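A closer look at the structure
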Amino acid sequence: MSDRRGLLIILSSPSGAGKSTLARKLRDWDTSLEFSVSATTRAPRVGEEDGKDYFFTAEDDFRAMVNDGDMLEHARVFNNYYGSPKGPVQKAIDSGRDVLFDVDWQGAQQISNSTLKQHVLSIFILPPSIKELRRRLETRGQDAPDTIALRMEKSWDEISHWDGYDYVLVNDDLTETEAKLKSIITAERLRLSQQPKLVDHVRALQSEFEDTK
Ligand SMILES: Nc1ncnc2c1ncn2[C@@H]1O[C@H](COP(=O)(O)OP(=O)(O)OP(=O)(O)O)[C@@H](O)[C@H]1O
Ligand SMILES: Nc1nc2c(ncn2[C@@H]2O[C@H](COP(=O)(O)O)[C@@H](O)[C@H]2O)c(=O)[nH]1
């Protein structure tokens, strides 16, 4: 059990800016970080594993999870449904572990307005340019041209929510962005673990101050 409350670390960005790449690096860096595996109705990409990358779910089953109150948040994104199952998140938080989310702005807003809002650390990833965003989607080589076109068309909807996040990073050089992300998480963890000790320390200072009057 950690000496501080667990963080819900949310990464959002337009499709192709690099969230999944950065999330993988964070998971390698800190293996205690719990990754929130989303449920989705989209078809798996080549190489994606059910239960690791996503829970690939039929639409009826997805709706049933929502209706049963099993989702912390859910949204329709690029003509598919995506959602974060509540159970694993609550379990991690209850044991003081941090959870990493890769969700769009709608999911980020829902988590930030939920009962777990005091745990949220939200980070928005911007691409260096729209041209580079398209290049990344094309060179990823995972999506059909019409899917890439839809994701590019919706990129501004996502980018327009950038200022609702705690931190915003431009993912130009990957190594630099990774280092900045790790610094943010390290600093936030330190802040949270110091908080209770600081309260005690200030109380002690206050009583010492009163005694010297
Ligand atoms: N800083 C970077 N410089 C160059 N290429 C990058 C950088 N960051 C990520 N990429 C590459 O861009 C492509 C898209 O990255 P990634 O799949 O992580 O994006 P994403 O934001 O998770 O997209 P989606 O929302 O569609 O899942 C990948 O091929 C990845 O290797
Ligand atoms: N609101 C949510 N958005 C999610 C979730 N899981 C992923 N996403 C977002 O969907 C798009 C597309 O993802 P892709 O894997 O099909 O490229 C991207 O913006 C993700 O962040 C979720 O559980 N809830």
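Residues numbered from 1 in each chain as written. Chains lettered and ligands numbered in written order. Predicted model: local features only at pLDDT ≥ 70, side-chain atom pairs only at ≥ 80, totals over all residues. Heavy atoms only, no water.

Between two aromatic rings, the relevant description is the distance of the centres plus the angle of the planes. Overall, the coordinates contain 4 aromatic pairs when judged by the stated rule. The interplanar angle of 65 degrees and the centroid separation of 5.0 Å between the aromatic rings of Phe-124 and Tyr-165 together place this pair among those described as edge-to-face. Of this pair, Phe-124 sits in strand S8 (residues 120-126) while Tyr-165 sits in the loop between helix H7 (155-159) and strand S9 (167-170), and the two are 41 residues apart along the sequence. Exposure remark for Phe-124: the relative accessible area of 0% places this residue in the buried category. (Phe/Tyr/Trp six-rings, centres within 6.5 Å; stacked < 30°, edge-to-face > 60°. Helix = DSSP H or I, 4+ residues; strand = E, 2+ residues; numbered from the N terminus. Buried < 20%, exposed > 50% of the residue type's maximum accessible area, 1.4 Å probe, protein only.)

With that settled, the discussion passes to the UniProt feature "binding site: ATP" (unreviewed entry) in the chain. Taking the UniProt record as the reference, the feature "binding site: ATP" (unreviewed entry) is found at Ser-13, Pro-14, Ser-15, Gly-16, Ala-17, Gly-18, Lys-19 and Ser-20. Inspection of the secondary structure puts Pro-14 in the loop between strand S1 (8-12) and helix H1 (19-29). Overall, Pro-14 belongs to the buried group, its relative accessible area being 1%. Those residues in contact with Pro-14 that lie beyond four places of it in its chain are Lys-19, Phe-124, Ile-125, Pro-127, Leu-133, Ser-155, Glu-158 and Ile-159. Structurally, Ser-20 is set in helix H1. Of the residues examined, Ser-20 reaches a relative accessible area of 33% and is grouped as partly exposed. (UniProt positions renumbered as here; feature names shortened; annotations may be inferred. Contact = heavy atoms within 4.5 Å.)

What follows is about the nonpolar core. Ile-9, Leu-100, Leu-121, Ile-123 and Leu-181 are the most contacted members of the largest nonpolar core, which has 23 residues in total. At the level of elements, S1, H1, S8, helix H5 (130-140), helix H6 (145-153) and helix H8 (174-211) are the ones that each hand at least two residues to this core. Sequence-distant contacts of Ile-123, defined by excluding residues within four places in its chain, comprise Ile-9, Ile-10, Leu-11, Ser-12, Tyr-165, Tyr-167, Leu-169, Leu-181 and Ile-184. (Core = buried A, V, L, I, M, F, W, Y, C linked by side-chain atoms within 4.5 Å.)

This part covers the sheet that holds S1. On the basis of which strands lie adjacent, the open sheet formed by 5 strands has the order S2-S7-S1-S8-S9 and parallel pairing. Because the sheet does not close on itself, it has two edges, and the strands there are strand S2 (34-35) and S9. Sheet topology places S2 next to strand S7 (residues 99-102); 2 bridges connect them, and they run parallel. Each bridged residue has a counterpart across the sheet, and for Phe-35 the counterpart in S7 is Leu-100. Where helix H4 (residues 105-112) meets the sheet, it contacts S1, S7 and S8, and its direction lies at approximately 155 degrees from that of S1. Contacting S1, S8 and S9, H8 runs over the sheet at an angle of about 165 degrees to S9. (Pairing = 2+ DSSP bridges. Axes fitted to C-alpha atoms, helices over the stretch in contact; angles between N-to-C directions.)

Every one of the 15 residues lining ligand 1 counts as a neighbour, but Ser-15, Lys-19, Ser-20, Thr-21 and Arg-140 are closest to it. A distance of 2.5 Å separates an oxygen atom of ligand 1 from a polar side-chain atom of Thr-21. Burial of ligand 1 by the protein chains amounts to 80% of its free accessible area of 640 Å². When residues of the shell around ligand 1 are traced back to their parent elements, those giving at least two are H1 and H5. Among the elements that line the shell around ligand 1, the one with the most residues is H1, at 3 residues. Among the residues forming the shell around ligand 1, the class breakdown is 3 nonpolar, 7 polar and 5 charged. (Near = heavy atom within 4 Å. Polar contact = N/O pair within 3.5 Å; in protein donor to acceptor, adjacent residues only side chain to side chain. Areas by Shrake-Rupley, 256 points an atom, 1.4 Å probe, with all protein chains shown as cover. Nonpolar A, V, L, I, M, F, W, Y, C, P; charged D, E, K, R; others polar.)

Before going further, it helps to examine the site of ligand 2. Surrounding ligand 2, one finds 17 residues, the nearest of these being Ser-38, Arg-42, Tyr-54, Tyr-82 and Asp-102. Here an oxygen atom of ligand 2 sits 2.5 Å away from a polar atom, N or O, in the side chain of Arg-42. Asp-102 places a polar side-chain atom, nitrogen or oxygen, 2.7 Å from an oxygen atom of ligand 2. Notes on ligand 2: free accessible area 500 Å², of which the protein chains cover 96%. For the shell around ligand 2, the secondary-structure elements that each account for two or more residues are strand S5 (71-77) and strand S6 (80-85).

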